[in-house]
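# Geometric and topological summary
So you can see what is in the structure, the chains are spelled out below.
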Amino acid sequence: MSTQPGQDVPQTILPQDSSSEGMPGKVSGSLAPLGTTRTTGKLLATQGYVVGIEISGSGSRQSVALADLEGKILHQARRPLEYVPDTSTVLELIDDMLNEVMTPERLHNGRVLRVGVAVGGLVDAAHGIVRTLHHAHGWNNFPLQDYLEERLDIPCIIDNNANAAALAEVQYGAAYAAEHNPRGAERVVLYVGLGRGIGGGLVVNGKIYHGDTCTAGEIGHLFVKENGPKCSCGGYGHLEAIASAQAISRAMIGLSVEHPETEAAIRRVTGARAERITAEQVFLLAAEGDEVAQGIVQDVHTYLGIALANIVHLINPGVIILGGQVAQAGELLIQPLQARIHDLCLAAASSSLRIVQGSLASEANILGAVTLALQDIE
């Protein structure tokens, strides 16, 4: 596929019935005009499939999954890259993966009824538009929903990846299992994705809360530190610039230059590949006593704690789910963070609050995309 984003895309013959009969929310004829609010009805079906698509915030990690109507992934294709690609490259890879997962052999029980897409950037979910990806170029105001619906002739739903992951954790993950939640279903759940960037998703009564312009949950851009480091969005002192996986790794590498013992520790845990140090490894080195790592981890607890304490007072969630690479530190992150939030918050706001590690790990975003495809859109 050699077309540029925004140009007409040649149609590909797909291995399923391409008619729109019975497709929920599909309007015969042309698609709704760009910028108008599109809705899809409840997905009522007893057989068939949905497809989930994940596009990372840098565009360097994409995956496509075919799932049944229970949300079980049946086949998944991944196309990770070692560089930040242009938009056309990403769309070509997605096209290849769609063809791989939607072969006639895999669609023996019906056709694909809906597609959900989780995007690591600012997304106008109501209008199906990617507003921007802070870690990649070429996506500003890109009509991804229109693009995919024209390509596939299947109703599509797009949303921010943190919103999608939040929904998946509520439906299938950490907020779902009764043994993790003896009080029953939580009404207000906050998901915080601590990855390359920081995103948040708020689920209220089982539905994503988007806000007026679909930017609710962008907690990575909360201002937490005066004269703080520069954020990917261009601002300074934002939470993402301190507590994201990328910020933690960069701080560790940068500060180690003046600390030979820390440089040696980094070489030890990374096999002499310092550029590959992970946030989890920084937390482990802090637990071992490395002073540089301890300072970085202390900043994460301090400023993430401030951000979450303010959110707790505002929305009073029953549970906060931490996902992404930083959350792989587990109790080294969660236990001190829970204590700090309790110190900062009114007892009435935090006494029953649980902070837990997400249970879907690296699969949260793609499972979130699948979950989007199975949801009602209001």
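Cut-offs used in this document
Residues numbered from 1 in each chain as written. Predicted model: local features only at pLDDT ≥ 70, side-chain atom pairs only at ≥ 80, totals over all residues. Heavy atoms only, no water. Helix = DSSP H or I, 4+ residues; strand = E, 2+ residues; numbered from the N terminus. Buried < 20%, exposed > 50% of the residue type's maximum accessible area, 1.4 Å probe, protein only. Contact = heavy atoms within 4.5 Å. Core = buried A, V, L, I, M, F, W, Y, C linked by side-chain atoms within 4.5 Å. Salt bridge = Lys/Arg side-chain N within 4 Å of Asp/Glu carboxyl O. pLDDT = per-residue confidence, 0-100. Pairing = 2+ DSSP bridges. Axes fitted to C-alpha atoms, helices over the stretch in contact; angles between N-to-C directions. Parallel < 35°, antiparallel > 145°, perpendicular 65-115°, else oblique. Left-handed = near helix turned anticlockwise from the far one by under 90°. Nonpolar A, V, L, I, M, F, W, Y, C, P; charged D, E, K, R; others polar. Phe/Tyr/Trp six-rings, centres within 6.5 Å; stacked < 30°, edge-to-face > 60°. Disulfide = S-S within 2.5 Å.

### Observations concerning the overall build of the protein
From N to C terminus, the protein includes eleven helices and twelve strands. Among the 378 residues that make up the protein, the fraction classed as buried is 54%. When contacts within the protein are restricted to residue pairs at least 6 apart in sequence, long-range pairs at least 24 apart make up 67% of them.

### A closer look at the nonpolar core
If you look at the biggest cluster of nonpolar residues, it comprises 45 residues, and the most contacted ones within it are Val-192, Met-252, Leu-308, Ile-320, Leu-322 and Leu-333. In contact with Leu-308, other than residues within four places in its own chain, are Leu-190, Val-192, Ile-320, Leu-337 and Ile-341. Counting 32 residues, the second-largest nonpolar core is a separate cluster that includes Val-64, Ala-77, Met-97 and Leu-148.

### Let's talk about the pattern of salt bridges
Taken as a whole, this structure holds eight salt bridges when the rule is applied. Across the salt bridge formed by Arg-78 and Glu-363, the nearest N and O atoms sit 2.4 Å from each other. Residue Arg-78 is located in strand S3 (residues 73–78), and its partner Glu-363 is located in the loop between strand S12 (354–357) and helix H11 (364–373); the two are separated by 285 residues in the primary sequence. Arg-151 is the partner of Asp-95 in a salt bridge, and the nearest nitrogen-oxygen pair spans 2.1 Å.

### Re the confidence of the model for the protein
Looking at the protein, the pLDDT average stands at 85 and 85% of residues meet or exceed 70. Long-range and interchain partners of residues 1–40, a stretch whose pLDDT sits below 50, account for 81 contacts in this model, where long-range means more than four residues apart.

### As for the sheet that holds strand S9 (residues 198–204)
If you walk across this open sheet you meet the five strands as S10-S9-S8-S11-S12, and the pairing is mixed. Each edge of the open sheet carries a strand with a single partner, namely strand S10 (207–208) and S12. Of the strands in this sheet, strand S8 (188–194), S9, S10 and strand S11 (319–323) are in contact with helix H3 (residues 161–171), which crosses S9 at around 50 degrees.

### Overview of the sheet that holds S3
With mixed pairing, five strands are arranged side by side in an open sheet as S3-S2-S1-S4-S7. In the strand order of this sheet, the two ends are held by S3 and strand S7 (156–160), each with one partner. Averaged over all pairs of adjacent strands, the angle between strand axes in this sheet comes to 15 degrees, irrespective of strand direction. Where strand S1 (residues 49–55) meets strand S2 (residues 62–67), six bridges bridge the pair, whose relative direction is antiparallel. Paired with Ile-55 across the strands is Gln-62, a residue of S2. Those strands touched by helix H1 (residues 87–101) are S1, S2 and S3, and its axis lies near 25 degrees from that of S2. Those strands touched by H11 are S1, S2, S3, strand S4 (112–119) and S7, and its axis lies near 135 degrees from that of S1.

### As for the packing of helix H6 (residues 260–270) against helix H7 (residues 279–288)
For the pair H6 and H7, the least separation of the axes is 11 Å and the interaxial angle reads 125 degrees. Here H6 is positioned oblique relative to H7, judged by the angle of their axes. In this structure, H6 meets H7 at a crossing whose hand is right-handed. Mapping the contact onto sequence places Ala-265, Arg-268, Val-269 and Thr-270 in H6 and Gln-281, Leu-285 and Glu-288 in H7. Looking at the contact of H6 with H7, its residues break down into three nonpolar, two polar and two charged.

### Digging into unusual backbone geometry
Even without a glycine there, the phi angle at Asn-141 is positive, about 55 degrees. In this fold, Asn-141 is placed in the loop between strand S6 (129–132) and helix H2 (144–152). Overall, Asn-141 belongs to the partly exposed group, its relative accessible area being 47%. Phi at Asn-316 is positive, roughly 55 degrees, even though this residue is not glycine.

### Quick notes on the packing of aromatic side chains
Any aromatic ring pair is given by two values, namely how distant the centres are and how the planes are angled relative to each other. Taken as a whole and assessed by the stated rule, the structure comprises two aromatic pairs. Taking the centre distance of 5.4 Å and the plane angle of 90 degrees together, the rings of Trp-139 and Phe-142 count as edge-to-face. Each member of the pair Trp-139 and Phe-142 is classed as buried. A centroid spacing of 6.0 Å and a plane angle of 50 degrees characterise the contact between Phe-142 and Tyr-147, whose relative ring orientation is tilted. The exposure classification of Phe-142 matches that of Tyr-147, with both residues buried. What links up through ring pairs into an aromatic cluster is the set Trp-139, Phe-142 and Tyr-147.

### Quick word on the state of the cysteines
In the structure shown here, the tally under the stated rule is zero disulfides. Left without a disulfide partner, Cys-233 is nearest to the cysteine sulfur of Cys-231, which lies 3.8 Å away. Residue Cys-233 is classed as partly exposed on the basis of its relative accessible area of 35%.

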